[in-house]
Amino acid sequence: MYDASLNTSTVNQAAWFGANEQAVDDSVHLDVSGLSKTWNSSDYVLQDIDFSMQKGQSLALIGHNGSGKSTLLRCCLRLIEPSSGTIHLLDREITGKSRRHVRDTCAKVGFIFQRHNLVPRLSVLSNVIHGAQARKSGPRVWYQSFACTQDREEAMHHLDRVGLAHLAGRRADQLSGGESQRVAVARALMQQPQMMMADEPVASLDPQAGEEVMELFMSLLQEEGLTLLFVSHNMDHAMRYSKRIIGLKKGRIALDATTASENESSLHQLFE
Ligand SMILES: Nc1ncnc2c1ncn2[C@@H]1O[C@H](COP(=O)(O)OP(=O)(O)O)[C@@H](O)[C@H]1O
Ligand SMILES: [Mg+2]
């Protein structure tokens, strides 16, 4: 189970990634090649983006507001249609096909937003069960009271994983920000994901809650072998919770480096 008592002072990057090292294997979970995006035919929001991620890797995406980070994440799941380039996700090309044909592949990626987007009036357990909608449809995945025993047990397992099983019956609008984001992670786990993408997942949380959510991601990498691509404006988080950092500047990759080769001040140069 997730240990909420862990805190930054007791957890250092070497500890996370030393243990995680073996989880990274040769299989490529995401490969982006020649990706470009224009909203109108002249202005590029993303231009010639190339990078790939191995299974179990953690990669931080940084850059100014408006540099294209969210657009890139969404293109990687075809939530936004790229203008050109190819994307292979979990060993399948997801570009050049109808969305219907790539839906199952994209469903294996949990997406965590800055705002958790829980349904406020529903229970925590119902919200987590909603994550199964990536795999199946119908009223059985709308409310916990309609859910089959297997889904309900699985949702409780994921709530336990994020340390919140005791809040299963609480309404989502009665949670703190940090609890809400951890429920959103449990909901994403209901997708049975192989990868997580997170767009500024802790930007609206207080520092302590933010640390807890980032540490939860790290434990998912370490214990479940998930791959993590996250956007952050927090250079300290980028340094401590990733092995590789990509910096975007005006829609192009301006930095692609291993975390070990960077320090916070070198990262800040990207913003000058
Ligand atoms: N739906 C849209 N239509 C037109 N322009 C957009 C749209 N979404 C984002 N943009 C523009 O694309 C650029 C990159 O945005 P975004 O990816 O959200 O940046 P970031 O996440 O790095 O702050 C910005 O200039 C933004 O205004
Ligand atoms: Mg953004």
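Each value, and the rule that gives it
- Residues numbered from 1 in each chain as written.
- Chains lettered and ligands numbered in written order.
- Predicted model: local features only at pLDDT ≥ 70, side-chain atom pairs only at ≥ 80, totals over all residues.
- Helix = DSSP H or I, 4+ residues; strand = E, 2+ residues; numbered from the N terminus.
- Buried ≥ 20, exposed ≤ 12 C-beta atoms within 10 Å, placed from the backbone.
- Contact = placed C-beta atoms within 7 Å.
- Near = placed C-beta within 6 Å.
- Nonpolar A, V, L, I, M, F, W, Y, C, P; charged D, E, K, R; others polar.
- Pairing = 2+ DSSP bridges.
- Core = buried A, V, L, I, M, F, W, Y, C linked by C-beta atoms within 7 Å.
- Domains from an automatic or database assignment.
- pLDDT = per-residue confidence, 0-100.
- Axes fitted to C-alpha atoms, helices over the stretch in contact; angles between N-to-C directions.
- Expected span 1.5 Å × (residues − 1).
- Parallel < 35°, antiparallel > 145°, perpendicular 65-115°, else oblique.
- Left-handed = near helix turned anticlockwise from the far one by under 90°.

*Asks:* With reference to specific residues and values, describe the overall build of the protein chain.
*Replies:* Check the secondary structure of the protein chain and you find nine helices and 10 strands. Of all 272 residues assigned to the protein chain, the portion counted as buried reaches 44%. Sequence separation of at least 24 residues holds for 69% of the intrachain contacts in the protein chain that already meet a minimum separation of 6.

*Asks:* Explain the site of ligand 1 to me, and be specific about the residues and the numbers.
*Replies:* All residues in the neighbourhood of ligand 1 are listed as W39, V45, G63, N65, G66, S67, G68, K69, S70 and T71. For the shell around ligand 1, the class distribution of residues is two nonpolar, seven polar and one charged.

*Asks:* Talk me through the sheet that holds strand β4 (residues 84–89); I want residue IDs and the actual numbers.
*Replies:* Taken together, four strands build an open sheet; the order of strands is β2-β1-β4-β5 and the sheet is antiparallel. In the strand order of this sheet, the two ends are held by β2 (44–54) and β5 (92–93), each with one partner. In terms of strand pairing, β4 meets β5 through two bridges, oriented antiparallel. Across the sheet, the residue bridging to H88 is E93, located in β5.

*Asks:* Help me get a handle on the nonpolar core, residues and values and all.
*Replies:* Core analysis: the largest hydrophobic core is formed by 70 residues, its most contacted members being L61, M196 and F217. Of the residues that make up this core, three or more belong to each of domain 1 (28–108 + 194–272) and domain 2 (117–191).

*Asks:* Quick one: what's the story with unusual backbone geometry, residue by residue and with numbers?
*Replies:* Among all residues except glycine, the phi angle is most often negative; among peptide bonds, the trans geometry is most common. At R78, a position not held by glycine, the phi torsion is positive, near 60 degrees. Examined against the element boundaries, R78 turns out to sit in the loop between α2 (69–76) and β4. Even without a glycine there, the phi angle at Q192 is positive, about 55 degrees. Along the chain, the position of Q192 falls in the loop between α6 (177–189) and β7 (195–199). Judged by local crowding, Q192 falls into the partly exposed class, with 15 C-beta atoms found within 10 Å.

*Asks:* Tell me what's going on with the confidence of the model for the protein chain, and back it up with residues and numbers.
*Replies:* Mean pLDDT over the protein chain works out to 88, with 90% of the residues at or above the 70 mark. Helix α1 (residues 13–20) is the least confidently modelled element of the protein chain, averaging 52 in pLDDT, while strand β8 (residues 227–231) averages 98, the highest of any element. For the stretch residues 1–12, pLDDT sits under 50, and the model shows 16 contacts to residues farther than four places along the chain or on other chains.

*Asks:* Can you break down the sheet that holds strand β6 (residues 109–112) residue by residue, with the values?
*Replies:* Spatial strand order, β6-β7-β8-β3-β9-β10: six strands in an open sheet with mixed pairing. In this open sheet, the two edge strands, each paired with only one partner strand, are β6 and β10 (252–258). Shown here is a sheet whose adjacent strand axes are inclined to one another by a mean of 15 degrees, direction ignored. Sheet analysis places strand β3 (residues 58–63) next to strand β9 (residues 244–249), joined by five bridges and oriented parallel.

*Asks:* Account for the pairing of β9, naming residues and giving values.
*Replies:* Of all six residues in β9, five are buried, a share of seventy percent or more. Looking at chain direction, β9 and β10 are connected through six bridges and run antiparallel. Bridging from a neighbouring strand, I245 pairs with A257 of β10. The turn linking β9 back onto β10 is made up of two residues, and K250 within it adopts a positive phi angle of 50 degrees.

*Asks:* Could you give an account of helix α7 (residues 207–224), with specific residues and numbers?
*Replies:* For α7, with 18 residues, the first-to-last C-alpha span of 25 Å sits near the 26 Å given by 1.5 Å per residue. G225 lies just past α7 and shows a positive phi near 70 degrees.

*Asks:* With reference to specific residues and values, describe the packing of α6 against α7.
*Replies:* Contact geometry of α6 with α7 gives a least axis separation of 9 Å together with a crossing angle of 15 degrees. In this view, α6 runs roughly parallel relative to α7, as classed from their interaxial angle. As α6 packs across α7, the resulting crossing turns out to be right-handed. Across the interface between the two elements, G177, G178, Q181, R182 and V185 of α6 pack against A209, E212, V213 and L216 of α7. Considering only residue class, the contact of α6 with α7 consists of four nonpolar, three polar and two charged.

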